[in-house]
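An overview of the molecular structure
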Amino acid sequence: MINRRNFLQAGALAAAGTALAGCTSGEAANPAEAPKNKIRHNPIGVSSYSFWQFNKPKGEPPLEEIIDHAAAMGFDGVELLLVQLASEEIPYLNSLKKRAFLSGLDLMGFSTHQGFVYPEPEKRQDNIDLTIHQIELAYQLGIPTMRINTGRWGTSRDFDHLMENRGIEPTLEGYTDEDGFKWVIDSLEKVMPTAEKCGVVLGLENHWGLGLTVEGVKRIVDAIDSPWLKVTLDTGNFLEDPYDRLEQLAPETCLMQAKTYYGGGKWYSLDLDYPRIGEIMRKADYKGYISLEMEGKADPMEAVPQSLEVLRDAFWHEL
């Protein structure tokens, strides 16, 4: 009679034999049956600018409504344009934070305006103080990254005139870009302690002014040399040869702003190859947020969700 121990040993050996036989069968060894690599899509947010574009009075639509639209359309987060805030009072900021949280959304970016390209030290100090205040607003909202600008010379008649000249403008008489870079770097050094204290990563955008070129952005970021200053990489602000330029800044990117132009752009349209841009960002191991900036003339209620589909398909990485 087989005792209990012998019975269990016999059963274990039989099971092991079966498993080994299965491993050597032609069916299981077929490469076509091997599991495919798993992927994760980058989280996609939408900038509140996409619904406003400076085309409407401030507060139309209100940010509360934009948050609701973003949730209904299937976004993961919202980037707030500071100038669209109805107030900077804490109760209002907290109400936006709570609304986004209850909608299942991150407040994931804060887009601000400032400029340091001024010969007058007092004007630069005003913008240093302004930027410190903006960082504190981001902290109150629970937003982890804030878009900043260098500022520009201001020698263009207006923004439309600047766009006619493709973002290029002459310096103030008696000054050079070397002066401007020194002002920007010296000013940003003064705001970095607040960014670190608040835990807000500043993202210098490849925007107009001294941030117009890759070289300009890198010069400033490299000079500051802080983990709290990175790049907000805008796909629509390199008007020529965008892909090589985007690739150069991709390793320093903390947030990507992705432009679309449904209905034709306000100032210009770019035919951007988002699958190609997605591959550039995968090469740089970028796994962070993509923030949609729909800058076309089409109805945002149609063009924004169309844009989301394009970005979902383009931005992913292997696990």
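What counts, and where the lines are drawn
Residues numbered from 1 in each chain as written. Predicted model: local features only at pLDDT ≥ 70, side-chain atom pairs only at ≥ 80, totals over all residues. Heavy atoms only, no water. Helix = DSSP H or I, 4+ residues; strand = E, 2+ residues; numbered from the N terminus. Contact = heavy atoms within 4.5 Å. Areas by Shrake-Rupley, 256 points an atom, 1.4 Å probe, with all protein chains shown as cover. Axes fitted to C-alpha atoms, helices over the stretch in contact; angles between N-to-C directions. Parallel < 35°, antiparallel > 145°, perpendicular 65-115°, else oblique. Left-handed = near helix turned anticlockwise from the far one by under 90°. Nonpolar A, V, L, I, M, F, W, Y, C, P; charged D, E, K, R; others polar. Pairing = 2+ DSSP bridges. Core = buried A, V, L, I, M, F, W, Y, C linked by side-chain atoms within 4.5 Å. Buried < 20%, exposed > 50% of the residue type's maximum accessible area, 1.4 Å probe, protein only.

The helix and strand tally for the chain stands at 11 helices and 10 strands. Restricting the contact set of the chain to residue pairs at least 6 apart, pairs at least 24 apart contribute 79%. About 16200 Å² of surface is accessible on the chain, with carbon and sulfur atoms providing 53% of the total.

So, on to the packing of helix α9 (residues 242-249) against helix α10 (residues 274-283). Between α9 and α10, whose axes approach to 9 Å, the crossing angle comes to 25°. Relative to α10, the element α9 is oriented roughly parallel. Crossing geometry of α9 relative to α10 is assigned as right-handed. Contact residues: Tyr243, Leu246 and Glu247 in α9; Arg276, Ile277, Ile280 and Lys283 in α10. In the contact of α9 with α10, the residues fall into four nonpolar, no polar and three charged.

Residue placement: Leu292 occurs in strand β9 (residues 290-294). In the structure, Leu292 is positioned 33 residues away from Lys259 in sequence and 6.1 Å away in space, judged by C-alpha atoms. Those residues in contact with Leu292, other than ones at most four positions away along the chain, are Gly45, Val46, Ser47, Ser50, Phe75, Ala258, Thr260, Val304, Ser307 and Leu311.

Take the sheet that holds strand β4 (residues 106-111) next. In spatial order, the strands read β2-β3-β4-β5-β6-β7-β8-β9; together these eight strands close into a barrel with parallel pairing. Between one strand axis and the next, the sheet turns by 30° as a mean value, whatever way the strands run. The pairing of strand β2 (residues 44-47) with strand β3 (residues 77-81) spans three bridges and is parallel. Note that in β3 the partner of Val46 across the bridge is Val78. Lying over the sheet, helix α7 (residues 177-198) contacts β5 (145-148), β6 (201-205) and β7 (229-234), oriented at roughly 145° with respect to β6. The sheet contacts of helix α8 (residues 214-224) involve β6 and β7, and relative to β7 the element is tilted by about 160°.

Counting residues in hydrophobic clusters, the biggest one holds 82 residues, and the most contacted among them are Leu80, Phe110 and Leu202. When residues of this core are assigned to their parent elements, the largest contribution, nine residues, is made by α7.

Further remarks concern the side chain of Ser291. Mapped onto the fold, Ser291 is located in strand β9. Setting aside its immediate chain neighbours within four residues, Ser291 contacts Gly45, Val46, Ser47, Glu79, Met108, Leu255, Met256, Gln257 and Ala258.

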